[in-house]
Amino acid sequence: DISSLLLPIKMIMNDNYAKDFSKKIRSSIETKMSGGEFIPASGSIPYGYLRNDEKKTFDIDVEVSHVIRKIYQLRAAGESFNAIAKILNEDGEKSPGNLRFVRGLTKNPKYEKSNWLRGAVKKICEDPVYIGSRVHGKVKRDRLGADKTRRDSDEWQIIENAHEPIVDKKLFDKVQKVNEKALQKLNARKS
């Protein structure tokens, strides 16, 4: 039967069409990223910022930007990530999950009373988004349906001055030095 012979050919043609279409979409997104026009979905906008669709950028979230500055100041003073999380919880500062719940961005009840965790503080302390840089390409999916994989920092696309910073470069750099020293101390203990 001729139709049974055409089926594999049609499948190959459809697969090639999907791959070609995927490459075009990815290329379009990469072009927008490099031009500073691409901003991620609302769910991945960093804590401390709000999405500005009109200008294709981030605006400072004045309700919680003071929390970012507090985190950086505490870390620059040598506080551990755990200690900072504890301070934020004691001060009643909204965690990223709790803020999303309060604003109706998630309805999952586990976020209603979610606290600050070490990992969230660490992520904030390492993210150049807070000095106005937008970073693309930290994770990559080779094809639709494949797992995302983390990329090395030298493969990231960093667009400086993409939006208004919450912390200045001097404070950010000081925190990076504290982070490096803490990591060296941790590695020395493991050896």
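What counts, and at which threshold
- Residues numbered from 1 in each chain as written.
- Predicted model: local features only at pLDDT ≥ 70, side-chain atom pairs only at ≥ 80, totals over all residues.
- Heavy atoms only, no water.
- Helix = DSSP H or I, 4+ residues; strand = E, 2+ residues; numbered from the N terminus.
- Buried < 20%, exposed > 50% of the residue type's maximum accessible area, 1.4 Å probe, protein only.
- Contact = heavy atoms within 4.5 Å.
- Areas by Shrake-Rupley, 256 points an atom, 1.4 Å probe, with all protein chains shown as cover.
- Core = buried A, V, L, I, M, F, W, Y, C linked by side-chain atoms within 4.5 Å.
- Polar contact = N/O pair within 3.5 Å; in protein donor to acceptor, adjacent residues only side chain to side chain.
- Phe/Tyr/Trp six-rings, centres within 6.5 Å; stacked < 30°, edge-to-face > 60°.
- Lys NZ or Arg CZ within 6 Å of the ring centre and 35° of its normal.
- Patch = residues over 30% accessible without salt bridge, like charges linked within 9 Å, V, L, I, M, F, W, Y side chains within 5 Å.
- Salt bridge = Lys/Arg side-chain N within 4 Å of Asp/Glu carboxyl O.
- Expected span 1.5 Å × (residues − 1).
- Pairing = 2+ DSSP bridges.

On to the overall build of the chain, then. Counting its secondary structure elements, the chain contains 6 helices and 6 strands. Within the chain, the fraction of its 191 residues that count as buried is 31%. Contacts in the chain between residues far apart in sequence, at least 24 positions, make up 59% of those at least 6 positions apart. Element-wise, carbon and sulfur atoms account for 53% of the exposed surface of the chain, whose accessible area totals about 13100 Å².

The biggest cluster of nonpolar side chains holds 28 residues, and the ones touching the most others in it are Y47, I71, Y72, W116, V121, Y130 and V167. When residues of this core are traced back to their parent elements, those giving at least two are α2 (65–76), α3 (81–90), α5 (118–126) and α6 (169–190). Ignoring any residue separated from it by four or fewer positions in sequence, one finds V167 in contact with I68, R69, Y72, Y130, I131 and F172.

Once that is clear, we can look at the side chain of N179. Checked against the element boundaries, N179 lands in helix α6. A polar contact is formed between the side chain of N179 and the side chain of R75, at a distance of 2.7 Å. Among all residues touching N179, those that are not within four sequence positions of it are R75, F81, C125 and E126.

Two measures describe an aromatic ring pair: the distance that separates the ring centres and the angle between the ring planes. Inspection of the entire model under this criterion finds 5 aromatic pairs. For the pair Y49 and F58, a centre-to-centre distance of 5.7 Å together with 40° between the ring planes defines the contact as tilted. Just as Y49 is buried, F58 falls in that class too. Members of the aromatic cluster, each reached through a chain of ring pairs, are Y49, F58, Y72, Y130 and F172. R134 extends its terminal NZ or CZ atom over the ring of F58, reaching a point 5.0 Å from the ring centre.

Where nonpolar side chains cluster on the molecular surface, the patch consists of I2, L5, L6, I9 and M13 and spans about 530 Å² of accessible area. Residue placement: I2 occurs in helix α1 (residues 2–34). Judged by relative accessible area, which is 63%, I2 ranks as exposed.

Once that is clear, we can look at the side chain of N52. Relative to the helices and strands, N52 is located in strand β1 (residues 49–52). Exposure remark for N52: the relative accessible area of 11% places this residue in the buried category. A polar contact is formed between the side chain of N52 and the side chain of D59, at a distance of 2.9 Å.

Between its terminal C-alpha atoms α6 stretches 31 Å, which fits the 32 Å expected from 22 residues at 1.5 Å a residue. As for α6, its buried residues are in contact with α2, α3 and α5. The opening residue of α6 is D168, an N-cap whose side-chain oxygen sits 3.2 Å from the backbone nitrogen of K170.

In terms of strand pairing, β1 meets strand β2 (residues 57–60) through 4 bridges, oriented antiparallel. Residue pairing across strands places L50 opposite D59, the latter belonging to β2.

It is worth spelling out unusual backbone geometry at this point. Glycine aside, a negative phi is what most residues show, and trans is what most peptide bonds show. Phi is positive for N161, close to 55°, though the residue is something other than glycine. You can see N161 is positioned in the loop between β6 (157–159) and α6. Taking the relative accessible area as the measure of exposure, N161 reaches 69% and is therefore exposed.

Let's shift gears to the pattern of salt bridges. Enumeration over the complete set of coordinates arrives at 8 salt bridges. Note that E126 is salt-bridged to K122, the shortest N-O span being 2.9 Å. Taken together, the positions of E126 and K122, both in helix α5 and 4 residues apart, correspond to about one turn of that helix. According to the relative accessible area criterion, K122 is partly exposed, its value standing at 29%. The closest approach of N and O atoms between D173 and K169, which form a salt bridge, is 2.9 Å. With D173 and K169 both in helix α6 and 4 residues apart, this pair spans about one turn of that helix.

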